[in-house]
Amino acid sequence: MLTSGGIRRQVPERHYEFGDGTELTLGRRTLIMGILNVTPDSFSDGGRFQAVETAVAHARKMADEGADLIDIGGESTRPGFVPVPFEEELNRVLPVIRAVREALPGMPISIDTYKSETARAALEAGAHILNDIWALKGDPKMAEVAAEYGCPIILNHNRHERDYGDFVADVVADLQESAAIARRHGVAEANIWLDPGIGFAKNYDENMTLMAHLSRLSGLGYPILLGTSRKKFIRETLQLPVDELAFGTAATVTLGIAQGCQIMRVHDVRQMKQNARMADAIVYGRE
């Protein structure tokens, strides 16, 4: 809720209890989602965490730095990525999901996939949340899996072609359409989270425009996850290499919090956690 004196807002709380005793609450403060890519070709950290032991060590590090949940992905989704066969994706992510769950009991885990078979296997292995870069429009069975398991699903805005008319309105409409697909398949309203899809089917100007209009999405009433960490539009703005974008990412995180985004998907957990705590003290209150 905006007030005349500033940007402090009232965000509805949502509490999630998963079958293994893991819990997660949205709406009290900004949550930090740590990125764990177990791929050889991710744009930022490709190949660094493919081994299970290395992946678990990084997950522990992110937890120690303040990560509230961890997103595990076995297929790079950078522009021009080559799709990974289902079997290979499973071979990458399932051992890591099991090992992270054992090493960090109580840590919510999301699986970054758009394939329903991978999603089902990941949930069986111990994942709690689905993160679909195609927002249920890549594999229609994703919605069925989310409904069957009663888990939250993140709907990331994306398109095959950048054929926008009214850009921001089109993004909003696309995500509303995906939310409607989820509801039609029995996904509970509380389990639908949205992601504006910064960097997906958007050029530099479109990414910048959407960053300035995130409140249009948070106004829809769904939790909003923002994933800007180290992305190309920051690199192009600052003219810096990918490993020097923490400060630029922090600016986008602050802007997202001020516009009602509740979860930040990031590489640099320690820095973004501190950044979010400061922004939260203003937006949510010092409590």
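Note that the structure is predicted; figures quoted are calculated from it, not measured. (Residues numbered from 1 in each chain as written. Predicted model: local features only at pLDDT ≥ 70, side-chain atom pairs only at ≥ 80, totals over all residues. Heavy atoms only, no water.)

Asker: Can you help me understand the packing of aromatic side chains in this one?
Answerer: The geometry of two aromatic rings is summed up by the distance between their centres and the angle between their planes. What the rule picks out here adds up to 2 aromatic pairs. On the basis of an interplanar angle of 70° and a centroid distance of 5.6 Å, the ring pair of Tyr16 and Trp193 is categorised as edge-to-face. Taken together, the residues span a long stretch of sequence, with Tyr16 in strand β1 (residues 14-17) and Trp193 in strand β8 (residues 192-195) at a distance of 177 residues. Note on Trp193: relative accessible area 0%, which makes it buried. Between Tyr164 and Phe167 the ring centres are 4.9 Å apart and the planes differ by 85°, which places this aromatic pair in the edge-to-face class. Neither Tyr164 nor Phe167 differs from the other in exposure class; each is buried. Sitting above the plane of the Tyr114 ring, Lys115 keeps its charged end 4.5 Å from the centroid. (Phe/Tyr/Trp six-rings, centres within 6.5 Å; stacked < 30°, edge-to-face > 60°. Helix = DSSP H or I, 4+ residues; strand = E, 2+ residues; numbered from the N terminus. Buried < 20%, exposed > 50% of the residue type's maximum accessible area, 1.4 Å probe, protein only. Lys NZ or Arg CZ within 6 Å of the ring centre and 35° of its normal.)

Asker: Quick question: what am I supposed to make of the sheet that holds strand β6 (residues 129-132) here?
Answerer: Spatial strand order, β8-β7-β6-β5-β4-β3-β10-β9: 8 strands in an open sheet with parallel pairing. Across the chains shown, the open sheet's two edge strands, defined by having one partner strand only, are β8 and β9 (225-226). For strand β7 (residues 153-156) and β8, the ladder comprises 4 bridges, and the chain directions are parallel. Across the sheet, residue Leu155 finds its bridge partner in β8, namely Leu194. Running over the sheet, helix α9 (residues 246-258) touches β9 and β10 (263-266) and is turned about 165° from β10. (Pairing = 2+ DSSP bridges. Contact = heavy atoms within 4.5 Å. Axes fitted to C-alpha atoms, helices over the stretch in contact; angles between N-to-C directions.)

Asker: Please clarify how the pairing of β8 should be interpreted in this entry.
Answerer: Of the two faces of β8, the one lined by Ile192 and Leu194 and the one lined by Trp193 and Asp195 are each fully buried. Following the backbone out of β7, through helix α5 (residues 167-184) and into the adjacent parallel β8, one traces a crossover that is right-handed. (Right-handed = clockwise from strand over helix to strand, strands pointing away.)

Asker: Mind showing me how you'd approach the packing of helix α1 (residues 52-64) against helix α2 (residues 86-103) here?
Answerer: A pair of packed helices is captured by two measures, namely the crossing angle of their axes and the spacing between those axes. With their axes 9 Å apart at the nearest point, α1 and α2 run at an angle of 45° to one another. As judged from the angle between their axes, α1 and α2 are oblique. Read as a crossing pair, α1 and α2 show a hand that is right-handed. Judged by residue contacts, Val52, Ala55, Val56, Ala59 and Arg60 of α1 engage Pro95, Val96, Ala99, Val100 and Ala103 from α2. Class assignment for the residues of the contact of α1 with α2 results in 9 nonpolar, no polar and 1 charged. (Parallel < 35°, antiparallel > 145°, perpendicular 65-115°, else oblique. Left-handed = near helix turned anticlockwise from the far one by under 90°. Nonpolar A, V, L, I, M, F, W, Y, C, P; charged D, E, K, R; others polar.)

Asker: What am I meant to see in the pattern of salt bridges here?
Answerer: Charged atoms that come close allow side chains of opposite charge to pair. Applying the stated rule across the entire model yields 18 salt bridges. Glu65 is paired through a salt bridge with Lys61; the nearest N and O atoms lie 2.8 Å apart. Residue classification places Lys61 among the partly exposed positions, given a relative accessible area of 43%. Taking the shortest distance from any N to any O, the salt bridge between Glu89 and Lys115 comes out at 3.1 Å. Within this pair, whereas Glu89 is found in helix α2, its partner Lys115 is found in the loop between β5 (109-112) and α3 (116-125), the two being separated by 26 residues in sequence. (Salt bridge = Lys/Arg side-chain N within 4 Å of Asp/Glu carboxyl O.)

Asker: Any chance you could explain the side chain of Glu75 here in plain terms?
Answerer: Mapping Glu75 onto the fold places it in the loop between β4 (69-73) and α2. Within the structure, the side chain of Glu75 is placed 2.5 Å from the backbone nitrogen of Val84, a separation counted as a polar contact. Among the polar contacts listed, one links the side chain of Glu75 to the side chain of Tyr114, at a separation of 2.7 Å. (Polar contact = N/O pair within 3.5 Å; in protein donor to acceptor, adjacent residues only side chain to side chain.)

These results come straight from atomic positions and should not be treated as a statement about function.
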